[in-house]
There are 2 protein chains.
Amino acid sequence: MNFLNEVMRRHPKAISFAPGAPHPDLIGEVDVVHCLNTYIRHQAQVHAPDERKHLLEHLEYGPAQGIINELLAEAFRNDGMAQAEGRNITVTNGAQEALFLTLRAIFTSPNQVLAVTNPGYAGILGAARMLDIRTTPVADTENGPSLDDLGALIGQARSQNRSIRALYVAPDFANPSGNFMDLASRKSLCRLAQDEGVILLEDTAYGFSSPASTRPPTLKQIAPASTILIGTFSKVGFPGARVGFVLAEQRVQSVAGEFLPLASQLATLKSMISINTSPLGQAVIGGLLLEHGLSISALGERHRVLYQSNLKCLLLALDEQFGSSRKFAGMLEWNRPEGGFFVRIRTPMAVDHSLLARSADEFGVLWTPMRFFSLDQSCDNELRLSCSYLDHAQIEEGASRLRDFFEATL
Amino acid sequence: MNFLNEVMRRHPKAISFAPGAPHPDLIGEVDVVHCLNTYIRHQAQVHAPDERKHLLEHLEYGPAQGIINELLAEAFRNDGMAQAEGRNITVTNGAQEALFLTLRAIFTSPNQVLAVTNPGYAGILGAARMLDIRTTPVADTENGPSLDDLGALIGQARSQNRSIRALYVAPDFANPSGNFMDLASRKSLCRLAQDEGVILLEDTAYGFSSPASTRPPTLKQIAPASTILIGTFSKVGFPGARVGFVLAEQRVQSVAGEFLPLASQLATLKSMISINTSPLGQAVIGGLLLEHGLSISALGERHRVLYQSNLKCLLLALDEQFGSSRKFAGMLEWNRPEGGFFVRIRTPMAVDHSLLARSADEFGVLWTPMRFFSLDQSCDNELRLSCSYLDHAQIEEGASRLRDFFEATL
């Protein structure tokens, strides 16, 4: 991503479809001080009468497993995300540390392979690289990971004395593909995972961007024993808190021989890389949740509305610029996600660094080459557009610049 | 440490010489909101006129290398800690992540060994364990790591086709030994490290607890090319921020072939485990530094005074309880550090979990078995006392309970 950051620095005035960061207007609404006070007041009520202790909680060290675990568990239950208990949760430095710790804990042999939806989130690829874990791509279809692909990989691994230990999957408008798994495909994936003993690492980052009424159950709800639920408050709260989580109640044996929740083993590992997640950040996120009735859905509602509006605007702008033109007919294809931040565009040409540099230099528009997110060559002709950091006028102007760019390059 | 936490939970009323956490009175003085506003105001002045951007900086994602690097560099220069520049610093989730990332970056072969002052900080041992890095103990003397020991280890490693890649050392009132390196021993260690190509991982956690006027230069000042400077704001600021740092301007080759500061490579690794350090925590620490003239010494001055007073109180209480008693003559020995949080007591008996449990259950006093911090058996008869989390009356009562405990067990 260094190259992308470099291009963005060089072109501060370009319209950028690159960052998957939350919209500044939503971030700007977060009142850190108010949230912090809400959390402190709540703690004083729950744990009185030693009030002073709770006044200092956000400033001191805290347990490696986290301080807002019970609030998170209640939110997961309220939102129907999982039958969670606080002791089965570890609060992490964003979802990234959650992924890193989980991989570190569940991969115990070099013969174990991590399957990743392809294209897939760069963070899981980075964490696996840090840990020298072998990865293999599974094609990401409009309905999520291809079960044919996954089945074939499981068989192939077995024939090589290896095993597919886990599959990373983001069922809700995945980054970078925008794909969304319907109920049937969720059930089929869970069945396969249960039958084959594959752990599902379910990333819920964009779950909030489905309306609660139409959101299918999480994989964690369908197959709790096979699934580890991972998430972040970077999209629905604010990234500066660096608060994510793992829900993993699977029992594993500790060094001392006891059977403990995996979440507790993750906390032990966490104590060796970061001691604990900033209690200050946790307290602010705890306050944010309390102010939204302990519901991530409720907390994310204004976000959902804004991003869906941006996404519609982007899809409309793409239709306007490319849909009716003979020149582009059959040349450019894109998907039509109903949530999340991302649209995937397929082109007939190689989409790489130099093409991005040209788009930035000559046309003032940025995007992300899909190959950044891929373990193979299958996405080399694609690019990712993100609509999260822009306003409608910027999206429309950006689409028009994209047209100029494609006019010149196709 | 789980056992220790468990014992502390079971005995909430015991007097605990166990935690190395900062005193609640000092923590309670931190005004998060004021510090945050100070930082935001400063950023607006420095980077005007796009004010809105700076209002959001603590809420958004930020560069993996950190946002307060220039403030830290100025503080290091002001305090004479190092000739630092911001681009050579990576801001981390406490010193723990700094240690983890640095080990991950500089250990590139299984033949490389990490030497650790013994007894040594549990955090470095944990980070090495997470990374499967081979460790070897170097005796920690009153003047820091034994150079005889280190020299012998270097020779021994060489004869086994291995090398001592780095030495972890905390020259200022180390945790857990309380040892302090004078100028001569610092110079000798630096010379040996330079001659033998050993990297010094200098942990500055307790540097603030020397009066600035008598503090010898850091290893980083004496041998900048051989030393990587690591530190935390947990003791001198507040632990809940989870803000630490690495200063590492050594040039290393990136994957792309450029020569970049090691700090920049650490940031790349960091992006794979935690993306970035909470900008909220960084902003508050930035504000705290700004309010103390960008000087860690100035920021730590009230802390230094309180801990030195606690330490004097503890040493006096030990003298009173054990110094004049015939029973204990020659049985108990302890060092007399002039700073930091810790005193090291040598006893004639094995000091382990069960002895700690007895001390807690029967005598209401807690401490830490030194074997928790050791790679060999040399500290099995020792215990660590910390004075940081207590008041004078508690210290005196705790020492009296310690006497009852030793009366019964020796």
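No experiment lies behind these values; they were computed from the predicted model shown.

Trainee: Looking at this structure, I do not really get the interface of chain B and chain A. What am I missing?
Mentor: Put simply, an interface is often sized by how much accessible area is lost when its parts join up. Counting residues at the interface gives 48 residues for chain B, matched by 49 residues for chain A. Buried surface at the junction of chain B and chain A, summed over both partners, amounts to about 3900 Å²; 64% is from carbon and sulfur atoms. When the area that chain B buries against chain A is broken down by residue, the three leading residues are Leu59, Tyr61 and Met130 of chain B, summing to 19%. The interface formed by chain B and chain A includes zero salt bridges. In this structure, the connection of chain B to chain A is made through 18 residue pairs in polar contact (both at pLDDT 80 or more). Listed by contribution, the elements that provide at least two residues to the side of chain B that touches chain A are helix H2 (24-28), helix H3 (32-47), helix H4 (51-56), helix H6 (94-106), helix H7 (122-130), helix H11 (262-273) and helix H12 (279-290) of chain B. At five residues, H11 of chain B tops the list of elements feeding residues into the side of chain B that touches chain A. When its residues are assigned to classes, the side of chain B that touches chain A shows 25 nonpolar, 15 polar and eight charged.

Trainee: Hey, could you run me through the nonpolar core in this one?
Mentor: Note that soluble globular proteins tend to have their nonpolar side chains buried in a common cluster. The biggest cluster of nonpolar side chains holds 92 residues, and the ones touching the most others in it are Phe233 and Phe238 of chain A together with Phe233 and Phe238 of chain B. If we ignore the near neighbours within four places in the chain, the residues touching Phe238 of chain B are His58, Leu59 and Leu280 of chain A together with Ile27, Val30, Val32, Phe233, Val284, Ile285 and Leu288 of chain B. The next biggest cluster of nonpolar side chains, apart from the first, holds 64 residues, and it includes Phe107 and Ile230 of chain A together with Ala174 and Ile273 of chain B.

Trainee: How do you make sense of the sheet that holds strand S15 (residues 368-369) of chain A when you look at a structure like this?
Mentor: Strand pairing within a sheet occurs via backbone hydrogen bonds; the two strands may be parallel or antiparallel. All names here are of chain A. Sheet architecture is open: four strands sit in the order S12-S13-S16-S15, paired in antiparallel fashion. In the strand order of this sheet, the two ends are held by strand S12 (333-334) and S15, each with one partner. Note: S12 against strand S13 (residues 342-346), two bridges, orientation antiparallel. Of the residues in S13, the one forming a bridge with Glu333 is Arg346.

Trainee: Which parts of the structure should I look at to understand the confidence of the model for chain A?
Mentor: Caution applies to low-pLDDT regions: their predicted coordinates should not be interpreted in detail. Mean pLDDT over chain A: 95, with 99% of residues reaching 70 or higher. Interface predicted TM-score (ipTM) for the complex: 0.97; the corresponding pTM is 0.97.

Trainee: For this particular structure, what's the right way to read the relation of the copies chain B and chain A?
Mentor: Note on the chain copies: they are related by a rotation about an axis and a translation along it. Overlaying chain B on chain A yields an RMSD of 0.0 Å, the required transformation being a rotation through 180° with an accompanying axial translation of 0.0 Å. Taken together, the rotation angle and the small translation identify this as a two-fold axis. Closest to the rotation axis within chain B is the C-alpha of Val33 of chain B, separated from it by 3.4 Å. Interface overlap between copies: 98% of the residues of chain B at the interface are likewise at the interface in chain A, consistent with a symmetric, same-surface contact.

Trainee: How should the side chain of Gln65 of chain B be read in this particular structure?
Mentor: All names here are of chain B. Within the secondary structure layout, Gln65 lies in the loop between H4 and helix H5 (69-78). Here Gln65 falls in the buried class, since its relative accessible area comes to 19%. A distance of 2.9 Å separates a polar atom in the side chain of Gln65 from the backbone oxygen of Ile89. Those residues in contact with Gln65 that sit more than four places away from it in its chain are Gly86, Arg87, Asn88, Ile89, Thr90, Val91, Ala263, Ser264 and Ala267.

Trainee: How should I be thinking about the pairing of strand S13 (residues 342-346) of chain B in this particular structure?
Mentor: Looking along a regular strand, one sees the side chains alternate between the two faces of the sheet. Residue and element names in this part refer to chain B. Burial of S13 is extensive: four of the five residues sit out of reach of the surface. Note that S13 and strand S16 (residues 382-386) share five bridges and pair antiparallel. From the neighbouring strand, Val343 faces S16, where its bridge partner is Leu385.

How each quantity is defined
- Residues numbered from 1 in each chain as written.
- Chains lettered and ligands numbered in written order.
- Predicted model: local features only at pLDDT ≥ 70, side-chain atom pairs only at ≥ 80, totals over all residues.
- Heavy atoms only, no water.
- Contact = heavy atoms within 4.5 Å.
- Buried area = accessible area lost by both parts, 1.4 Å probe.
- Salt bridge = Lys/Arg side-chain N within 4 Å of Asp/Glu carboxyl O.
- Polar contact = N/O pair within 3.5 Å; in protein donor to acceptor, adjacent residues only side chain to side chain.
- Helix = DSSP H or I, 4+ residues; strand = E, 2+ residues; numbered from the N terminus.
- Nonpolar A, V, L, I, M, F, W, Y, C, P; charged D, E, K, R; others polar.
- Core = buried A, V, L, I, M, F, W, Y, C linked by side-chain atoms within 4.5 Å.
- Buried < 20%, exposed > 50% of the residue type's maximum accessible area, 1.4 Å probe, protein only.
- Pairing = 2+ DSSP bridges.
- pLDDT = per-residue confidence, 0-100.
- Least-squares fit on C-alpha atoms with pLDDT ≥ 70 in both.

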